[in-house]
Amino acid sequence: ITKTFGSVTANKDVDLTLYPGEIHALLGENGAGKSTLMNILNGIYKPNGGQILYKGKKVSIRSPKHAVEMGIGMVHQHFRLIPTLTAAENVFLYMPECKFILNKKEMEEQIGKWSKEFHLDVEPSALIWQLSVGEQQRVEIVKLLCRGADILILDEPGAALDLEAKEQILTYIRSYVKAGGTVLLTSHEMGEIGACTTLYVLKDGVLVPTEAGLSARELIQRF
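All figures in this text were calculated on a predicted structure; none of them were measured in a lab.

**Q** Talk me through the nonpolar core; I want residue IDs and the actual numbers.
**A** Counting 41 residues, the largest nonpolar core has Trp 114, Val 139, Ile 141, Leu 145, Leu 152, Val 183 and Leu 185 as the members making the most contacts within it. Here this core takes 6 residues from helix 6 (residues 163-178), the largest share from any one element. Not counting residues up to four positions away in its chain, the partners in contact with Val 183 are Glu 22, Ile 23, His 24, Leu 152, Leu 154, Ile 173, Tyr 176 and Val 177. Ile 1, Met 38, Ile 40 and Ile 72 belong to the second-largest nonpolar core, a separate cluster that totals 20 residues.

So, in structure tokens, the structure goes:
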């Protein structure tokens, strides 16, 4: 994939492969091109060159809506939630069959059912502004999973989380990939990186070769 903004090249011939049942980490310093690549996979940006193959077929991801319909969902570092609405209302507004008049009781029962099914603790009736960052993150993930996401793209999932919440999200990520899902995440957290199957390092928009068994210090030196 190649992506340029005027004279600036954000991604240059970036080639990576994601497999079911694996956690992939995309590493690099600020400005390395990580977010640009993720936004291409989420349909926010269009690449200037290259192609995307999904489940063996060449695809053109037109928008975030199209991406999630395909099975690719992204949780941004800054969540896309409406603070004055409940967790259940935020999830149902994201559903394609969302009605003009919503049944609050039915919504909360359904979100409660989904959160248990996905092993994510979400309080359906809680207003978003009342929730912790970790709880809001779980609402974002439920939004994607109830749409059938096969691939979760997580932008700095451990950012702004306390230690307990970081452990909870890592536990969930492991269970998600164990069930056959795929995770691509950006991170500066060595605990998250250690849980990953494959590591990719971007530097100035270019993929830097890495090998298994690198220490944290050696990884940082690749940035």
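Now, onward.
**Q** For the packing of helix 5 (residues 133-145) against helix 6, give the residues involved together with the corresponding values.
**A** Their axes nearest at 12 Å, the elements helix 5 and helix 6 cross at an angle of 15 degrees. By the angle between their directions, the pair helix 5 and helix 6 is classed as roughly parallel. For the pair helix 5 and helix 6, the sense of crossing is right-handed. In this structure, helix 5 contributes Gln 137, Arg 138, Ile 141 and Leu 145 to the contact, and helix 6 contributes Gln 168, Ile 169, Tyr 172 and Tyr 176. For the contact of helix 5 with helix 6, the per-class residue count stands at 5 nonpolar, 2 polar and 1 charged.

**Q** Break down the sheet that holds strand 8 (residues 182-186) for me, citing the residues and quoting the values.
**A** One open sheet accounts for 6 strands, arranged 6-7-8-3-9-10; its pairing is mixed. On the outer flanks of this sheet lie strand 6 (72-75) and strand 10 (206-208), each paired with one strand and no other. Shown here is a sheet whose adjacent strand axes are inclined to one another by a mean of 25 degrees, direction ignored. As paired strands, strand 7 (residues 151-155) and strand 8 are joined by 5 bridges and run parallel to one another. Across the sheet, residue Leu 154 finds its bridge partner in strand 8, namely Leu 185. Its contacts with the sheet put helix 6 on strand 3 (23-27), strand 7 and strand 8, and the angle it makes with strand 8 is roughly 145 degrees.

**Q** Can you break down the packing of aromatic side chains residue by residue, with the values?
**A** Taken as a whole and assessed by the stated rule, the structure comprises 3 aromatic pairs. It is Lys 3 that lies over the ring of Phe 5; its NZ or CZ is 5.0 Å from the centre.

**Q** How would you summarise the pattern of salt bridges if you had to cite specific residues and measurements?
**A** All told, the structure shown has 3 salt bridges when counted by the stated rule. For Asp 150, the salt bridge identified is with Lys 55, shortest N-O distance 3.1 Å. With a gap of 95 residues between them, Asp 150 in the loop between helix 5 and strand 7 and Lys 55 in the loop between strand 4 (52-54) and strand 5 (57-59) connect regions that are remote in the sequence. Overall, the relative accessible area of 34% leaves Asp 150 in the partly exposed class. Of the charged contacts in the structure, one is a salt bridge between Lys 65 and Glu 69, with a shortest N-O distance of 2.7 Å. With Lys 65 and Glu 69 both in helix 2 (residues 64-70), this residue pair falls 4 residues apart, about one helical turn. The class of Glu 69 is partly exposed, set by a relative accessible area of 45%.

**Q** Describe in detail the environment of Val 142, supporting the description with residues and values.
**A** Among the structural elements, Val 142 can be located in helix 5. Not counting chain neighbours up to four residues away, the residues in contact with Val 142 comprise Val 91, Phe 118, Leu 120 and Val 122.

So, how was this worked out
Residues numbered from 1 in each chain as written. Predicted model: local features only at pLDDT ≥ 70, side-chain atom pairs only at ≥ 80, totals over all residues. Heavy atoms only, no water. Core = buried A, V, L, I, M, F, W, Y, C linked by side-chain atoms within 4.5 Å. Buried < 20%, exposed > 50% of the residue type's maximum accessible area, 1.4 Å probe, protein only. Helix = DSSP H or I, 4+ residues; strand = E, 2+ residues; numbered from the N terminus. Contact = heavy atoms within 4.5 Å. Axes fitted to C-alpha atoms, helices over the stretch in contact; angles between N-to-C directions. Parallel < 35°, antiparallel > 145°, perpendicular 65-115°, else oblique. Left-handed = near helix turned anticlockwise from the far one by under 90°. Nonpolar A, V, L, I, M, F, W, Y, C, P; charged D, E, K, R; others polar. Pairing = 2+ DSSP bridges. Phe/Tyr/Trp six-rings, centres within 6.5 Å; stacked < 30°, edge-to-face > 60°. Lys NZ or Arg CZ within 6 Å of the ring centre and 35° of its normal. Salt bridge = Lys/Arg side-chain N within 4 Å of Asp/Glu carboxyl O.

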